Amino acid sequence: MALYPQLLLEPRRTLPNLTLCLNSSGKTLDRRFFLPLANAAQFYGVRNIALMGENPPAHPDFAIALRSLFGKGENLSLWIKPGQSSPCAGLIAHEVNEIIFRLGPYSGPEEIWMAELSALQSEVYMLRKERPHLIVKGVFHLSSATLKALEDAIHRVENALFDRLEFFPPNLYLSPEGEPATSPLSPDLIPSHEELMRYEEHFWEMLDEPCFQSWLFDLNMTRRQLERVLLCFKAASGRGAFEPPHCRASRTSFYIEPTGHIRCCPRQEAFGDLREMSLREIEEGERVHVFRSKINLAIDRICPLCPGDFPHFLWRSH
Ligand code: SF4
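Given the structure is predicted, the values throughout are model-derived calculations rather than measurements. As a convention, each chain's residues are numbered from 1 in the sequence order in which they are written. Note on the predicted model: pLDDT of at least 70 is required for a residue's local features to be given, and 80 or more for side-chain atom pairs to be given and counted; whole-chain, interface and lining totals, by contrast, use all residues.

Comments concerning the overall build of the protein
And step 1. The way it works is that DSSP assigns letters per residue, a run of H or I at least four long becomes a helix, a run of E at least two long becomes a strand, and they are numbered from the N terminus. Across its full length, the protein carries 14 helices and eleven strands.
And step 2. Once C-beta atoms are placed from the backbone, each residue is buried if 20 or more other C-beta atoms lie within 10 Å of its own, exposed if 12 or fewer, and partly exposed for counts between those two. Buried residues in the protein amount to 38% of all 318 residues.
And step 3. Two residues qualify as being in contact provided that their C-beta atoms, derived from the backbone, are within 7 Å of each other. Put simply, of all contacts in the protein between residues at least 6 apart along the chain, 73% involve residues at least 24 apart.

The following block contains the structure:
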C-alpha cells in the first residue's frame, strides 16, 4: 500500500539529452566535470550524450572524456568539422556511437569548400576502417554558394557514405553570446533576391532531383528543412518573418559550457554554474522550472532566429 504514494511523490528523474561543449573561445571544459557528469547521466537515464565544441578532439583530455561518457547514455555522439577526426580516428571510432560532421556554411571560392567535402571520403574511410558500422551523419548549413552547387555537394557527401544528411540555415543573426546582432554576421551567406526567387520557383520540384533519391534523405523531413531554410533566407532579406524551428531543447536538454555554465542550449540563458552547484541541484532548482514553464518559441526573442541545428534534431530521426 505504501508503495503507490512513494512512486507518485518521486521527483521526475529523466533528462533525455546532455551536451558537453569541450572547447570554445580559448576555454576548455575542466576534466574534473567528466566523472560527475557521467554519473549524473546514469542517474537521469540520459538517452543521448553529445560532445561538441570548436574542435573537440583537440581538448587535452579528450580520451578521458570519451572513456568517462561512453556507455553512460544510450548514444554518445561526437560533433566535429571535416578534418578534425584525423589525428585520433582509432580512438574516436571505438569510443562513440556516431559522428556528426558539421558542414558549412560555405562562402568564397567553390573549389576550396568542394575540396573539403571531397576529403570527407578518405576521412570517413579511415573511421570505418576502425569500425565498419560506425554511424556517420552530416548537418549541412546552407548558404548562397551551396544552394547553387547543391547537387554536386550532395554527391560528395554520398561518396563519403554518410548515413544521413540534414539541412539547416546558417547562423545569420546571433552573436556567439546569444545576443541578436543588428545586422547579418555574414551577409555573403544570404542568396540575392533573384537567386531566392529561382530557388523558390523550383522548390517543389527540387526533391524530385536524382540527387535527393538516395539513402541520405528522409524526404518528408528534408522538405520541411529546406522549406525552413527558404523561409529563413527570405526573412533575412526582408521578405517575411522568421519562424522558430520545431525544437524541444528547452524542455529536454542540458548544455554544459567550458565555463561550467549550464543552459538548455547554447543560445538561451544560464540556469547555473557547475563550479557552484551539482547538475542535480540545477535540474531540480527553481530557475530551470520557471524557464521551462515560461518559454514559448514563437514569441521568444532568440528561437525564431536559431538555425535549429541543436543535437536533439538528429536524435529524433534514428
Ligand atoms: S530554438 Fe534554438 S535557441 Fe530556441 S531553445 Fe531551441 S536550440 Fe535553443
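Comments concerning the packing of helix H2 (residues 34-43) against helix H3 (residues 62-69)
And step 1. Axis angles are defined between N-to-C directions and span 0 to 180 degrees, where every axis is a line fitted to C-alpha atoms and, for a helix, only to the segment in contact. Remark: H2 packs on H3, axes separated minimally by 9 Å, with the N-to-C direction vectors making an angle of 20°. Taken together, the axes of H2 and H3 lie roughly parallel to each other. Considering how the two elements wind past one another, H2 and H3 form a crossing that is right-handed. Residues Phe34, Leu35, Ala38 and Ala41 of H2 form the contact with H3, whose own contacting residues are Ile64, Ala65, Ser68 and Leu69.
And step 2. Lys, Arg, Asp and Glu make up the charged group, whereas Ala, Val, Leu, Ile, Met, Phe, Trp, Tyr, Cys and Pro make up the nonpolar group; the residues left over, Gly among them, are polar. For the contact of H2 with H3, the residue count by class is seven nonpolar, one polar and no charged. For this classification, under 35 degrees means roughly parallel, over 145 means roughly antiparallel, 65 to 115 means roughly perpendicular, and everything else is oblique. Definitions for this section: a left-handed crossing has its near helix turned counterclockwise from the far helix by less than a right angle. A right-handed crossing has that turn clockwise.

A closer look at the packing of helix H5 (residues 110-130) against helix H7 (residues 150-159)
Helices that pack against each other are described as a pair by the angle of their axes relative to one another and the distance between those axes.
And step 1. Taken N-terminus to C-terminus, the directions of H5 and H7 make an angle of 20°; their axes are 7 Å apart at the nearest point. By the angle between their axes, H5 is roughly parallel relative to H7. Judged by the twist between their axes, the crossing of H5 over H7 is left-handed. Here Met114, Leu117, Ser118, Leu120 and Gln121 of H5 come into contact with H7, specifically with Asp152, Ala153, Arg156, Val157 and Asn159.
And step 2. Considered class by class, the residues forming the contact of H5 with H7 number five nonpolar, three polar and two charged.

Some remarks on unusual backbone geometry
And step 1. Along the chain, Gly104 connects to Pro105 via a cis peptide bond; the corresponding omega equals -5°.
And step 2. Non-glycine residue Ser25 carries a positive phi angle of around 45°.
And step 3. When the 10 C-beta atoms within 10 Å are taken as the criterion, Ser25 is described as exposed.
And step 4. Despite not being glycine, Leu161 has its phi angle at roughly 60°, a positive value.
And step 5. Relative to the helices and strands, Leu161 resides in the loop between H7 and strand E8 (164-168).

Observations concerning the site of the ligand
And step 1. In the vicinity of the ligand there are 15 residues, among which Cys247, Cys265, Arg267, Cys303 and Cys306 approach most closely.
And step 2. Across the shell around the ligand, the residue classes tally to eleven nonpolar, three polar and one charged. Defining nearness, a residue is near a molecule or strand when the C-beta atom obtained from its backbone falls within 6 Å of it.

Some remarks on the environment of Lys137
And step 1. Secondary-structure assignment places Lys137 in strand E7 (residues 135-141).
And step 2. Lys137 gets classed as buried once you count the C-beta atoms within 10 Å, which come to 20.
And step 3. C-alpha of Lys137 to C-alpha of Phe162: the two residues are 25 residues apart in sequence and 5.4 Å apart in space.

Side note on the sheet that holds E8
And step 1. Ordered by their spatial adjacency, nine strands build an open sheet running E8-E7-E6-E5-E4-E1-E9-E10-E11, and the pairing between neighbours is mixed. Single-partner strands in this sheet number two, and they are E8 and strand E11 (272-273).
And step 2. Two strands qualify as a pair provided DSSP detects at least 2 bridges between them. Inspection of the sheet shows strand E10 (residues 261-263) paired to E11 by two bridges, in the antiparallel sense. Along E11, the bridge assignment pairs Ile262 with Gly272.

Things to note about the pairing of E8
And step 1. With four of five residues buried, E8 lies mostly within the body of the structure.
And step 2. Here E7 pairs with E8 via five bridges, running parallel. By the bridge assignment, Gly138 is partnered in E8 with Leu165.

Looking at the nonpolar core
And step 1. Note on terminology: a nonpolar core is a set of buried residues of type Ala, Val, Leu, Ile, Met, Phe, Trp, Tyr or Cys, with members joined through C-beta atoms within 7 Å. Judged by nonpolar contacts, the single largest core of 77 residues is most densely connected at Ile99 and Ile256.
And step 2. Per-element tally for this core: the top contributor is helix H10 (residues 219-236), with six residues.
And step 3. Dropping the residues within four chain positions of it, Ile256 is found in contact with Thr19, Leu20, Cys21, Leu29, Leu37, Ile262 and Leu274.

A few points about the confidence of the model for the protein
Any segment with low pLDDT has predicted coordinates that should not be analysed in fine detail.
And step 1. The predictor reports its confidence for every residue as pLDDT, a score running from 0 up to 100. On average, residues of the protein carry a pLDDT of 89, and 89% of them reach 70 or more.
And step 2. This model gives residues 314-318 a pLDDT under 50, and the stretch forms eight contacts once residues within four places in sequence are excluded.

A short note on the pairing of E7
In regular strands, side chains alternate between the two faces of the sheet.
And step 1. Taken across its seven residues, E7 has six buried, putting it largely inside the fold.
And step 2. Clockwise travel from the first strand over the helix to the second, with the strands pointing away from the viewer, marks a crossover as right-handed. In this view, the connection linking strand E6 (residues 98-103) to its parallel neighbour E7 by way of H5 has right-handed handedness.

Description of H3
And step 1. Residues of H3 that are buried include every one of Phe62, Ala65, Leu66 and Leu69, and no others. Burial along H3 is one-sided: seen end-on, the buried residues are contained in an arc of 95°.
And step 2. Against H2, strand E4 (48-52), strand E5 (75-80) and helix H4 (89-95) lie the buried residues of H3. In this description, the arc belongs to the directions extending from the helix axis to the C-beta atoms.

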